[in-house]
Every structure is written in C-alpha cells, then in structure tokens.
Amino acid sequence: ELWGPFGHYHNLGFDQTFPIESTLAAAYPSDLGPGASDAPTRRAQPFTSSGDGIAFPLDWGAQGVDFAVTWVQAPAATRVLLRLYTPASAQIAINGTVVLRNDRRASYTPAATAAAVELGAGWNRIVVKLAGEAARNFDLMLRPADPAVRLVNAAAPPQGTGVGAAPQVLSAPVTLAE
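Counting starts from 1 at the beginning of each chain's written sequence and moves along it residue by residue. The predicted nature of this model means local features are confined to residues of pLDDT at least 70 and side-chain atom pairs, given and counted, to a pLDDT of 80 or more, with totals for whole chains, interfaces and linings taken over all residues. The side-chain numbers reported here are obtained from all heavy atoms of the structure, hydrogens and water having been left aside.

**What to know about the packing of aromatic side chains**
Stated formally: Note on aromatic contacts: the rings of Phe and Tyr and the six-membered ring of Trp form a pair at centre separations within 6.5 Å, being stacked when their planes are under 30 degrees apart, edge-to-face when over 60 apart, and tilted otherwise. Strands are runs of DSSP state E lasting at least 2 residues, helices are runs of H or I lasting at least 4, and numbering of each runs from the N terminus. Only protein chains enter the calculation, and the probe is 1.4 Å; a residue is then buried if its accessible area is under 20% of its type maximum, exposed if over 50%, and partly exposed in between.
Under the criterion given, the structure shown has one aromatic pair. Ring plane angle 75° and centroid distance 6.0 Å describe the contact between Phe 18 and Phe 67, whose orientation is recorded as edge-to-face. In this pair, Phe 18 is assigned in the loop between β1 (2-6) and β2 (65-74) and Phe 67 in strand β2, connecting sequence segments 49 residues apart. Residue class for Phe 18 comes out buried when judged on its relative accessible area of 2%.

Okay, here's the thing in structure tokens:
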C-alpha cells in the first residue's frame, strides 16, 4: 500500500523516523500521520508492481514523506539482490532494519542503487521511504540470488503471522557503476 504524506517537510522529513517505519496501523497520531503536511489526509492506496515500476498518484505531489509497504515471504533464509531506481531520496527497511539508503538531497547521487541482503525465513516487511523535491515514482527489484527460489509477495501476511528475523546486509553486489 502507498501511505503519505507524513510530516511537514519533504527534505528534512527524510531524516525523521515515522511510526509507519516500524509498525503498520489503521491510524497514526495527527501530528505525524497522513495529512500532517497540511495536505488533505489520504487513505492508504493499494498498488501493484509492473514493468514500469510504481508511481504515487499525481495529486500526492512532493509534500512530506511518502511510504510504500509490502510483504515478501521467503521459504528459508534467502540471499536476495535489491535494485532501486528513483529520482527521490529513498530508503528501504526490511523488518525494521535499514538495508539501503540513497540520499539525493544535497549533491548529485545516481538514481539507481543496489544492495545484497539475506532475508530470514517467513514473512518480511518491506518499507520504501521516499522524500525530497523529486517525483515519488520508483522501481524496486528484489530477486533471489538463487533462481530456483520463489518468493511470495502480498499486501499483508496471513492473520496472526509475525515478522521474520532481521535481515543480514551482505557485501554490495557488483554493478556497472563500479
């Protein structure tokens, strides 16, 4: 689901931690929740991934900080490769652990970044945080290093299911930039 905007500032808010980063709730305190940026409060909106990535609705603009939340189930501890492309400043947290951060606010930083992570067995909560003055669209690839492994993606895990173990951040994969 797509959530936001949180907070008052689209640049300074990137350094702030919001409740949605650790837990998903039906509502958030009015000073931190959607609408706190003086923009109209928006309900969470479902999204589907496509070959063109994910884009926030046009009316969301670049106010406050926006989030995308999804879940991935790994059948066992699984090494995955992440690749994120976005013109915005972005951060990816898995089960509350930041595994990738691309701060594009102060200097030229490439829009694409990559990481390697070992997911714990079970359901893993993926949170993408987007901020800054740039458009909030993004393209996220999360692919098992072993092509025989299949991950399951869902908007929410089955009722009563807990979050998996904290992921282990591995050495960054070799990219064309290196």
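Now that the structure has been shown, the text picks up again.
**A closer look at the nonpolar core**
We count it as follows: Among buried residues, the Ala, Val, Leu, Ile, Met, Phe, Trp, Tyr and Cys ones that are joined through side-chain atoms within 4.5 Å form a nonpolar core. Any two residues having at least one pair of non-hydrogen atoms within 4.5 Å are treated as being in contact.
In this structure, Ile 92, Ile 94, Val 99, Val 117 and Leu 119 are the most contacted members of the largest nonpolar core, which totals 20 residues. Going through the elements one at a time, β2, β3 (78-85), β4 (89-94), β5 (97-102), β6 (112-119) and β7 (122-131) are the ones with two or more residues in this core. If we ignore the near neighbours within four places in the chain, the residues touching Val 99 are Leu 82, Ile 92, Ala 93, Ile 94, Ala 115, Val 117, Pro 167 and Val 169. Within the second largest apolar cluster, 10 residues are counted, among which are Val 65, Phe 67, Val 127 and Ala 131.

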